[in-house]
Each structure stands twice: as C-alpha cells, then as structure tokens.
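What the coordinates show
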Amino acid sequence: MLASCLVFALSAAGMAPWGAGVVLVVGAVLQLIGEMLQSAGSWQISFDLAPAHQVGQYQGFFGTGVPLARTLGPLLLTSLLVTWGGCRAGSCWGRCSW
C-alpha cells in the first residue's frame, strides 16, 4: 500500500497527461493488490489471535474497526482542516468556489 501511495505521488511530477494516466493506473493496480493482501491477512490474524472459546467476541471487536473509523474519520479530518487548513473565522467559505 505504501508503494501505491508513492506511485500516486509521482502522478503530480509534471509529466504529460497520458503519462500521468499510466502512473495512476499503475498506482490503482498496486492499491488493489495491497488491499486484497491486507484484507486476507487481517481476517486470518483476527481468527488466529482469538482463543477457541472467544472467537465470537474477538470477531465482534474486530468488526468494530471500520465502523469506528467511518464515524470518527470525518470528525477528525474536519477538525484538522479547520485547525490547519487556513479556515479562520468563516473566511474559508468566502474563498470556496462551490
């Protein structure tokens, strides 16, 4: 997944549009492979770490990760953008073109 992030960053290197398109496709393929490996590996780890009599409890806790990230992620991102993104005292909305 780190490799896909680096490849995506290369797409802003000021190359021709077709070159940037190729780089983005390569980054997307690397992202796909990385997500498939991470998904399979994390599922296996969640089963292997659980004691035999607590598999359901471990799976329930493991399953809370994505919903928790989807709940707290927007709040965290908005807080970071408002704090460090240059939006002070309502000035951000005046600069937005949408």
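**Some remarks on the overall build of the protein chain**
- Check the secondary structure of the protein chain and you find 5 helices and 0 strands.
- The secondary structure elements of the protein chain, listed N-terminal to C-terminal, are α-α-α-α-α.
- Out of the 98 residues belonging to the protein chain, those deemed buried represent 12%.
- Partitioning the intrachain contacts of the protein chain with sequence separation of at least 6 by distance along the chain shows that 17% fall at a separation of at least 24.

**Some points on a nonpolar patch on the surface**
- Together, Trp-18, Val-22, Val-26 and Leu-30 give the surface a local cluster of nonpolar side chains, amounting to about 410 Å² of exposed area.
- Residue position: Leu-30 is located in helix α2 (residues 17-49).

**Things to note about the confidence of the model for the protein chain**
- When pLDDT is averaged along the protein chain, the result is 84; 87% of the residues meet or exceed 70.
- Of all helices and strands in the protein chain, the one with the weakest mean pLDDT is helix α5 (residues 91-95) (54), whereas helix α1 (residues 2-10) scores best (91).

**Some details on the packing of α1 against α2**
- Close contact between α1 and α2 brings their axes to 8 Å; oriented N to C, the two are set at 165°. Classed by the angle they form, the pair α1 and α2 counts as roughly antiparallel. Taken as a pair, α1 and α2 cross one another with a handedness that is left-handed. Across the interface between the two elements, Ala-3, Ser-4, Val-7, Phe-8 and Leu-10 of α1 pack against Val-23, Leu-24, Val-26, Gly-27, Ala-28, Leu-30 and Gln-31 of α2.

**Side note on the packing of α2 against helix α3 (residues 55-62)**
- For the pair α2 and α3, the least separation of the axes is 9 Å and the interaxial angle reads 145°. The chirality of how α2 crosses α3 is right-handed. Touching Ser-42, Trp-43, Ser-46, Phe-47 and Leu-49 of α2 are Val-55, Tyr-58, Gln-59 and Phe-62, all from α3.
- The residue makeup of the contact of α2 with α3, split by class, is 6 nonpolar, 3 polar and no charged.

Conventions used here
Residues numbered from 1 in each chain as written. Predicted model: local features only at pLDDT ≥ 70, side-chain atom pairs only at ≥ 80, totals over all residues. Heavy atoms only, no water. Helix = DSSP H or I, 4+ residues; strand = E, 2+ residues; numbered from the N terminus. Buried < 20%, exposed > 50% of the residue type's maximum accessible area, 1.4 Å probe, protein only. Contact = heavy atoms within 4.5 Å. Patch = residues over 30% accessible without salt bridge, like charges linked within 9 Å, V, L, I, M, F, W, Y side chains within 5 Å. Areas by Shrake-Rupley, 256 points an atom, 1.4 Å probe, with all protein chains shown as cover. Salt bridge = Lys/Arg side-chain N within 4 Å of Asp/Glu carboxyl O. pLDDT = per-residue confidence, 0-100. Axes fitted to C-alpha atoms, helices over the stretch in contact; angles between N-to-C directions. Parallel < 35°, antiparallel > 145°, perpendicular 65-115°, else oblique. Left-handed = near helix turned anticlockwise from the far one by under 90°. Nonpolar A, V, L, I, M, F, W, Y, C, P; charged D, E, K, R; others polar.

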